[in-house]
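Residue strings, one per chain:
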Amino acid sequence: MKFTKMQGLGNDYVYVNCFQEKIENPSELAIKVSDRHFGIGADGLILIGPSKVADFEMAMYNADGSRGEMCGNGIRCVAKYVYDYGLTDQTHISVETLGGIKYLDLTVKDGKVSMVKVDMGCPVLSAKEIPILSENDRVVNEGIEVDGVEYRMTGVSMGNPHAVVFVEDVEGLEIEKTGPLFENHERFPKRINTEFIKVVDRKTVEMRVWERGSGETLACGTGACATVVACVLNGLTDETVTVKLRGGDLLIHWDKESDHVFMTGPAEVVFDGEWC
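Residues numbered from 1 in each chain as written. Predicted model: local features only at pLDDT ≥ 70, side-chain atom pairs only at ≥ 80, totals over all residues. Heavy atoms only, no water.

**Student:** Help me understand the overall build of the protein chain in this model?
**Tutor:** Counting its regular elements, the protein chain contains four helices and 18 strands. The C-alpha radius of gyration computed for the protein chain amounts to 18 Å, which stays within 12% of the reference 19 Å derived for 276 residues, consistent with globular compactness. Residue burial in the protein chain is summarised as follows: out of 276 residues, 55% are buried. Partitioning the contacts of the protein chain with sequence separation of at least 6, the portion at a separation of at least 24 is 62%. About 12,000 Å² of surface is accessible on the protein chain, with carbon and sulfur atoms providing 47% of the total. Here the protein chain contributes 28 positive and 44 negative side-chain charges, whose respective centroids are spaced 1 Å apart. (Helix = DSSP H or I, 4+ residues; strand = E, 2+ residues; numbered from the N terminus. Rg over C-alpha atoms; globule rule 2.2 N^0.38 Å. Buried < 20%, exposed > 50% of the residue type's maximum accessible area, 1.4 Å probe, protein only. Contact = heavy atoms within 4.5 Å. Areas by Shrake-Rupley, 256 points an atom, 1.4 Å probe, with all protein chains shown as cover. Lys, Arg positive; Asp, Glu negative; His and termini not counted. Charge placed at Lys NZ, Arg CZ, Asp CG, Glu CD.)

**Student:** I keep staring at the environment of Ile-132 and nothing clicks. Help me out?
**Tutor:** Turning to its location among the elements, Ile-132 is positioned in the loop between strand S8 (112–119) and strand S9 (142–146). For the pair Ile-132 and Asp-169, spaced 37 residues apart in the sequence, the C-alpha separation amounts to 25 Å. Here Ile-132 is in contact with Ala-127, Val-139, Met-153, Gly-155, His-162, Arg-187, Phe-188 and Pro-189, once residues within four sequence places are set aside.

**Student:** Would you mind going over the pattern of salt bridges with me for this structure?
**Tutor:** Opposite charge on two side chains permits pairing when their charged atoms draw close. Taken as a whole and assessed by the stated rule, the structure comprises 16 salt bridges. For the salt bridge of Arg-246 with Glu-171, the shortest nitrogen-to-oxygen distance reads 3.1 Å. Here the residue Arg-246 occupies a position in the loop between strand S15 (240–245) and strand S16 (248–255), and Glu-171 occupies one in the loop between strand S11 (161–166) and helix H3 (175–183), the gap between them amounting to 75 residues. Judged by relative accessible area, which is 40%, Arg-246 ranks as partly exposed. In this structure, the salt-bridge partner of Arg-246 is Glu-216, at a minimum N-O distance of 3.8 Å. With Arg-246 in the loop between S15 and S16 and Glu-216 in strand S14 (residues 215–217), this pair connects stretches of sequence that are 30 residues apart. Exposure remark for Glu-216: the relative accessible area of 24% places this residue in the partly exposed category. Several salt bridges share partner residues, and in doing so they unite Lys-5, Asp-12, Arg-36 and Asp-43 into one network. (Salt bridge = Lys/Arg side-chain N within 4 Å of Asp/Glu carboxyl O.)

**Student:** What should I look at first to understand a nonpolar patch on the surface in this one?
**Tutor:** A surface patch of nonpolar side chains, amounting to about 260 Å² of accessible area, comprises Val-53, Ile-101 and Tyr-103. The exposure class of Val-53 is exposed, given its relative accessible area of 54%. (Patch = residues over 30% accessible without salt bridge, like charges linked within 9 Å, V, L, I, M, F, W, Y side chains within 5 Å.)

**Student:** Sorry, what's going on with helix H2 (residues 72–84) here?
**Tutor:** Residue pairs three or four apart in sequence face the same way in an α-helix, which turns once every 3.6 residues. Compared with an ideal rise of 1.5 Å per residue, which puts 13 residues at 18 Å, H2 spans 19 Å between its outermost C-alpha atoms and is within 8% of the ideal. By the criterion of burial, H2 is predominantly enclosed, with 13 of the 13 residues buried. Backbone geometry just after H2 places Gly-86 at a positive phi near 80°. (Expected span 1.5 Å × (residues − 1).)

**Student:** What is the right way to read the state of the cysteines from this model?
**Tutor:** Disulfide: a covalent bond connecting the sulfur atoms of a pair of cysteines. Considering all chains together, one arrives at zero disulfides under this definition. For the unlinked cysteine Cys-71, the closest cysteine sulfur is that of Cys-220, found at 6.5 Å. On the accessibility criterion, Cys-71 (4% relative accessible area) is buried. (Disulfide = S-S within 2.5 Å.)

**Student:** For this particular structure, what's the right way to read the packing of aromatic side chains?
**Tutor:** Two numbers describe a pair of aromatic rings. These are the distance of the centres and the angle of the planes. Tallying each qualifying case throughout the model produces six aromatic pairs. An angle of 75° between the planes, with centres 6.5 Å apart, marks the rings of Tyr-13 and Tyr-15 as edge-to-face. Ring pairing ties together the aromatic residues Tyr-151, Phe-182 and Phe-196, which thus form one cluster. Here the basic side chain of Lys-117 rests over the ring of Phe-262, its NZ or CZ set 5.1 Å away from the ring centre. Just above the ring of Trp-254 sits the side chain of Lys-256; from NZ or CZ to the centre is 4.9 Å. (Phe/Tyr/Trp six-rings, centres within 6.5 Å; stacked < 30°, edge-to-face > 60°. Lys NZ or Arg CZ within 6 Å of the ring centre and 35° of its normal.)

Okay, structure coming up:
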């Protein structure tokens, strides 16, 4: 099986061209290739294939083999792959995901994609649809007790579920301890991705993320989008924000008129290889 390892702000995945390759058990393969000691090393596996409703389909699997709805950093890499490897010559494409069809604009420099802007669609704020167990229709600045500590969270789905939690110190956070407790909390029926956020100013936030099925990652595109929506809902930032992640920066804009969230960031190839 031929593959390409790619990363968006350090959020790395193994990509397989399913126009050419056939994968029998993607969940099992995701676990094997993601292992950073005995495998290729990645946050998961992403399969690129044909779609009946869009230009391409992206099937994403986390490092634990579970199927994910969407990955913002991953989909930017999909856009770079299909252009750089000759599957399309278009700079505006559509990609089918479990989180819906996403539309992407590609910036090409010297014949290669350097930046990708993704229309991530409308944020889902209904607690039932995210889903988060709550007595309220929306979860905005709502209390949650985790390991005896009271946190305030805001729930947003960007095709996958997020709980955004504001903290005073992201660097000193014991995320390896706290992250799994949020992920598997009884209030999240499908588990949860958790963003821990420090607001720097009206246009800048710092973020660490614990992704369900993968643990802490260097970046999470859908999480950055959910974060900006949560910041605006809580009156903490403007609608265009630079989100500073451990792997780099993403520019996120929530267009309140259209209710669409736009994410702009890089995508890079790490290497090509063959899995035997």
